[in-house]
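Analysis of the macromolecular model
One letter stands for each residue in the lines below.
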Amino acid sequence: MPVRRSFFASTLLAASALLLAACHSSSSSTAQPAVTVTVTPSSGANGGLGSASPAPTSGGEPGIVAVTTSGALEALNSNGSVASTLVPSGVLGGEVSVSPNGSTVYFTEGAGCHSDVESVSIGGGDLTAIAPGQIPAISPDGTKLAYSTEPVFNDTCVPDPAKASVAAEYKIVVRTLATGAEQVIGLPAQVERSQLLPPVGYLSWSSDGSALAVSTLPVADNEGWNLAVIDLATAKYYAGTGAGITNIPVTGSPTPQRSYIREGIFLPDGNFFISRACCGGVPIKNTSRLLWEVNVNGELVHQVAIGYPSLDHYSLASDSTGQWLAYIGGNDLYVSQDGNRPTDIASGVVAAAWT
């Protein structure tokens, strides 16, 4: 798979790694047992999805689409088994999104130093090119597509951040699909001049389509992670402070001043499902990973899981009811019903969404 972000680990860590005591002892009374990670190397066709000992399901689960470590876009059954291959190769991780009616999948295809947002029918078939960019997120009514545009960084593509044209590429575009009209939300001038340009890691729509939750990635070492809500009617920028921007704070133990929100998404009720880590700094040292539901003030509502400090937890997803949650830990895909203990259903995954 083409590498876009350095934090997507290329190796899975041992399943027997223990949770640090600080993570479990500092949790609230709603804390649940640690998730047992069963790590199985990818064994599917083309290096795709491998089995991760899926547990029996209770029925009623929505389907899933996932991007594999080999760059395939797969439609999965609710237990994690592969139903069909929609795109065999070239798909980037980060984010994949499904239209509200479940008919269309939006994804990022990468080639060389370029990436493009494209779509494909959930039944497979020809691909439709939409625009240069990445991290696509379809609106709740299916009429608009949000995505980011920024330079592709990998072993052979290293843009010069000192060039003004590079800073100007960091923006979020909200495109009306029927007309092609675009709303562009960039960075304030002082951030562009600083050359510390926050990449967009994930986008999530509010249930009424009026706002985007924007997860940004670190600008240096492990510093700069952030979750902000931008009001599409008033916000001019997707990072910093100002009109239309609400930065979701980190509150509660452990060590809120050093903890950070790795990624967050809107839930249907207006709260957020977040992947929270503690602690950043230089050198990078994480001592806990928590999967929480929080309100706009960053306050804990419900704890979904405790993750492994040594694994990255990302690609958060909620179905339209908020009943079913999903996330990736390392390269394993977990699902949870009604906030209960998650089940590890598949391995070899770098992005996923409910259908």
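Residues numbered from 1 in each chain as written. Predicted model: local features only at pLDDT ≥ 70, side-chain atom pairs only at ≥ 80, totals over all residues. Heavy atoms only, no water.

Some details on the overall build of the protein chain
- Of regular secondary structure, the protein chain possesses three helices and 25 strands.
- Taken over 355 residues, the protein chain has a buried fraction of 51%.
- When the accessible surface of the protein chain is summed, it comes to about 14200 Å², and 53% of that surface belongs to carbon and sulfur atoms. (Helix = DSSP H or I, 4+ residues; strand = E, 2+ residues; numbered from the N terminus. Buried < 20%, exposed > 50% of the residue type's maximum accessible area, 1.4 Å probe, protein only. Areas by Shrake-Rupley, 256 points an atom, 1.4 Å probe, with all protein chains shown as cover.)

Considering the sheet that holds strand β16 (residues 245–247)
- Taken together, the four strands give an open sheet; going across it, the order is β13-β14-β15-β16, and neighbouring strands pair in antiparallel fashion. Edge positions in the sheet fall to β13 (200–205) and β16, since each has one partner strand and no second. Adjacent strand axes in the sheet meet at a mean angle of 25° when their direction is disregarded. (Pairing = 2+ DSSP bridges. Axes fitted to C-alpha atoms, helices over the stretch in contact; angles between N-to-C directions.)

A look at the pattern of salt bridges
- Summed over the entire model, instances satisfying the criterion amount to four salt bridges.
- When the shortest N-O distance is used, the salt bridge between Glu 263 and Arg 262 registers 3.7 Å.
- The partner of Arg 289 in a salt bridge is Asp 312, and the shortest N-O contact between them spans 3.7 Å. Here Asp 312 lies in the loop between β20 (300–307) and β21 (313–318) and Arg 289 lies in strand β19 (residues 288–294), a separation of 23 residues in the sequence.
- A residue is classified by how much of its surface remains accessible, and Arg 289, at 7% relative accessible area, is buried.
- Bridged by salt links that share partners, the residues Arg 262, Glu 263, Arg 289 and Asp 312 form one connected network. (Salt bridge = Lys/Arg side-chain N within 4 Å of Asp/Glu carboxyl O.)

Looking at the environment of Ile 248
- By the element assignment, Ile 248 lies in the loop between β16 and β17 (260–266).
- You can call Ile 248 buried: its relative accessible area is 4%.
- It is 7.8 Å that separates the C-alpha atoms of Ile 248 and Asn 226, two residues lying 22 residues apart in sequence.
- Leaving out residues up to four positions away in the same chain, Ile 248 has contacts with Leu 227, Val 229, Ile 261, Phe 272, Asn 295, Val 296 and Gly 298. (Contact = heavy atoms within 4.5 Å.)

Thoughts on the state of the cysteines
- Counted according to the given criterion, the structure contains one disulfide.
- Each sulfur in the disulfide pair Cys 278 and Cys 279 lies 2.1 Å from the other. For the pair Cys 278 and Cys 279, a shared accessibility class is recorded, and that class is buried. (Disulfide = S-S within 2.5 Å.)

Considering the environment of Gly 180
- Along the chain, Gly 180 turns up in the loop between β11 (171–176) and β12 (182–185).
- Considered as a pair, Gly 180 and Ala 131 are 49 residues apart in the sequence and their alpha carbons are 9.8 Å apart.

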